[in-house]
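Below, each chain spelled out in residue letters.
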Amino acid sequence: MTTPHPALRLSTEVAQALAAGRPVVALESTIISHGMPYPRNVAMAVEVEQIIRDGGATPATIAVLDGVPRIGLDRDELETLATHPDVAKVSLRDLPYVVARKAHGATTVAATMRLAALAGIRVFVTGGLGGVHRGAETSFDISADLTELGQTDVAVVSAGVKSILDIGLTLEKLETLGVPVVVHGSDEFPSFYSRSSGHAAPLRADSADELAAMMQAKWDLGLHGALAVANPVPVEDEIPADEIGVLIDRALAECDERGIHGKDITPFLLGRIVELSQGRSLDTNIALVRSNARLGAALAVAYQRVS
C-alpha cells in the first residue's frame, strides 16, 4: 500500500478505504466549478459519488480548499466548490500558487491525476480529456493533461477527448508519450458527446477485468504513466458527431472573435455549446459521467483483485 503524501488531507471515508486496501476512485472538481451550472453540478457530483459506492468502491473527489489538497469531500465542501466566486481552475502548474496563497482550487485532469497518485489511488474518472487544441500548430495550445498521462501511474476513464479539440493530433501525441489508449467495447475512438470520431480505436478491451490486467502488466513492467480508457457515451444519450460539430464550429468562431485563450477556452466553449444546444449537451455530459463512474468503479474493484 502507498502511504499518502503528508501534505494531503484525506476524508475519513477515503483514509479508511485506503488503509484497508479497498478500491477507491478519484474524481476531479473542475467539472463542478467550471464545467456545469449550479445546482446541477452539485447534484451530478453527489450522484456520481453514489454510483461509485454502489459499484463497490469509495469515491474521492479531489480539490484544493484553503490551500490544502483534499482527497474526498463532504456535501458542504462540494457546495463551496460549486458556488464560491473565487475558485481557481487548477492545473499542475497552478498547484504551488493556490496552495501557497491558501486559496480554493478546482483540479483539472492533470492536477487530479497527480494528487490521486500521491494519495495512492490508481483509478480516476472524469468526463473528457484535454489534448491538442485546434490550431495548435500556431498557438502551441496543448493541455498539460497529456504530459501527465505520460508520467503518472493512474488509469483514467473518460468519454474520450473533448470534441472541441483536435482528436487526431491528440491521439498522435499520446502515442508519442507512450500512453496506451484503450476503447471500452468499441472499435472506434469516441468524441465525448458522440460515440464516433472518425478515428479507429488504438486498442480495445471489453471488460473491466481486461483493463485491470493491462494496468497490472504495464506497471509491473516498470512502464510509468497512465492507461487512458475511453468509454463511449451510451447510445441513447449521444449527440451525433455531425450535429454537435456544427455547434462546436460556431462556438469556436465566437471564441476567436472574443479573443478568449488559454485555460479560459474550454469553460467558455462548453458553456456556449450548452446554450446553442438548448441544454442537450449538458444532459449528455451528465450521462457520460454517470457511465464513466460505473466503469471506473468496476475497474477499481477488478484492479484491487489482481494487484
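Overview of the structure.

Helix and strand counts for the protein chain come out as 13 helices and eleven strands. With the principal axes as the frame, the protein chain shows a C-alpha extent of 50 × 40 × 35 Å. Within the protein chain, buried positions represent 55% of all 307 residues. At a minimum sequence separation of 6, the contacts of the protein chain that also span at least 24 residues come to 72%. Carbon together with sulfur atoms contributes 51% to the accessible area of the protein chain, which is approximately 12,800 Å² in total. Taken together, the 26 basic and 38 acidic charged side chains of the protein chain have centroids lying 5 Å from each other.

Here we take up helix H11 (residues 241–258). In an α-helix there are 3.6 residues to a turn, and that puts residues three or four apart on one side. Taking 1.5 Å of rise per residue, the 18 residues of H11 would be expected to cover 26 Å, and the 25 Å separating its terminal C-alpha atoms lies within 8% of that figure. Buried-residue contacts for H11 involve helix H12 (265–276). One or two steps after H11, the chain reaches glycine 259, where phi turns positive at roughly 70 degrees.

When you line up the elements, valine 132 lands in the loop between strand E7 (123–125) and helix H7 (136–139). Separated by twelve residues in the primary sequence, valine 132 and alanine 144 place their C-alpha atoms 9.6 Å from one another. When neighbours within four sequence positions are excluded, valine 132 is seen to be in contact with Asp141, Ile142, Leu146, Leu165, Asp166, Leu169, Thr170 and Lys173.

Moving on, we come to the side chain of glutamate 254. Topologically, glutamate 254 is positioned in helix H11. When its relative accessible area of 12% is taken as the criterion, glutamate 254 is described as buried. Not counting residues within four places of it along the chain, the set of residues in contact with glutamate 254 comprises Phe268 and Arg272.

Within this structure, the stated rule accounts for two aromatic pairs. With 4.8 Å between their ring centres and 75 degrees between their planes, phenylalanine 192 and tyrosine 193 make a pair best called edge-to-face. For phenylalanine 192, a relative accessible area of 2% corresponds to the buried category. For tyrosine 193, a relative accessible area of 1% puts it in the buried group. Ring centres 5.8 Å apart and planes at 90 degrees place the aromatic pair tryptophan 219 and tyrosine 303 in the edge-to-face group. With tryptophan 219 in helix H10 (residues 208–220) and tyrosine 303 in helix H13 (residues 280–306), this residue pair connects regions lying 84 residues apart in the sequence. The class for tyrosine 303 is buried, based on a relative accessible area of 11%.

Our next topic: the environment of proline 240. Along the chain, the position of proline 240 falls in the loop between strand E11 (227–230) and H11. Note on proline 240: relative accessible area 32%, which makes it partly exposed. Residues proline 240 and serine 194, 46 residues apart in the sequence, show an inter-C-alpha distance of 5.5 Å. Here proline 240 is in contact with Ser194 and Arg280, once residues within four sequence places are set aside.

This paragraph deals with the pattern of salt bridges. Side chains that differ in charge, positive against negative, can pair when their charged atoms come close. Using the criterion set out here, one finds 17 salt bridges in the structure. Put simply, arginine 134 and aspartate 249 hold a salt bridge, and the shortest N to O gap is 3.3 Å. You can see arginine 134 sitting in the loop between E7 and H7 and its partner aspartate 249 sitting in helix H11, a full 115 residues away along the chain. For arginine 134, a relative accessible area of 38% corresponds to the partly exposed category. A residue is classified by how much of its surface remains accessible, and aspartate 249, at 45% relative accessible area, is partly exposed. Residue aspartate 206 pairs with arginine 204 through a salt bridge whose shortest N-O separation is 2.8 Å. Since its relative accessible area comes to 45%, aspartate 206 is described here as partly exposed. Counted as one network, the salt bridges with shared partners bring together Arg250, Glu254, Arg272 and Glu275.

Each value, and the rule that gives it
Residues numbered from 1 in each chain as written. Predicted model: local features only at pLDDT ≥ 70, side-chain atom pairs only at ≥ 80, totals over all residues. Heavy atoms only, no water. Helix = DSSP H or I, 4+ residues; strand = E, 2+ residues; numbered from the N terminus. Buried < 20%, exposed > 50% of the residue type's maximum accessible area, 1.4 Å probe, protein only. Contact = heavy atoms within 4.5 Å. Areas by Shrake-Rupley, 256 points an atom, 1.4 Å probe, with all protein chains shown as cover. Lys, Arg positive; Asp, Glu negative; His and termini not counted. Charge placed at Lys NZ, Arg CZ, Asp CG, Glu CD. Expected span 1.5 Å × (residues − 1). Phe/Tyr/Trp six-rings, centres within 6.5 Å; stacked < 30°, edge-to-face > 60°. Salt bridge = Lys/Arg side-chain N within 4 Å of Asp/Glu carboxyl O.

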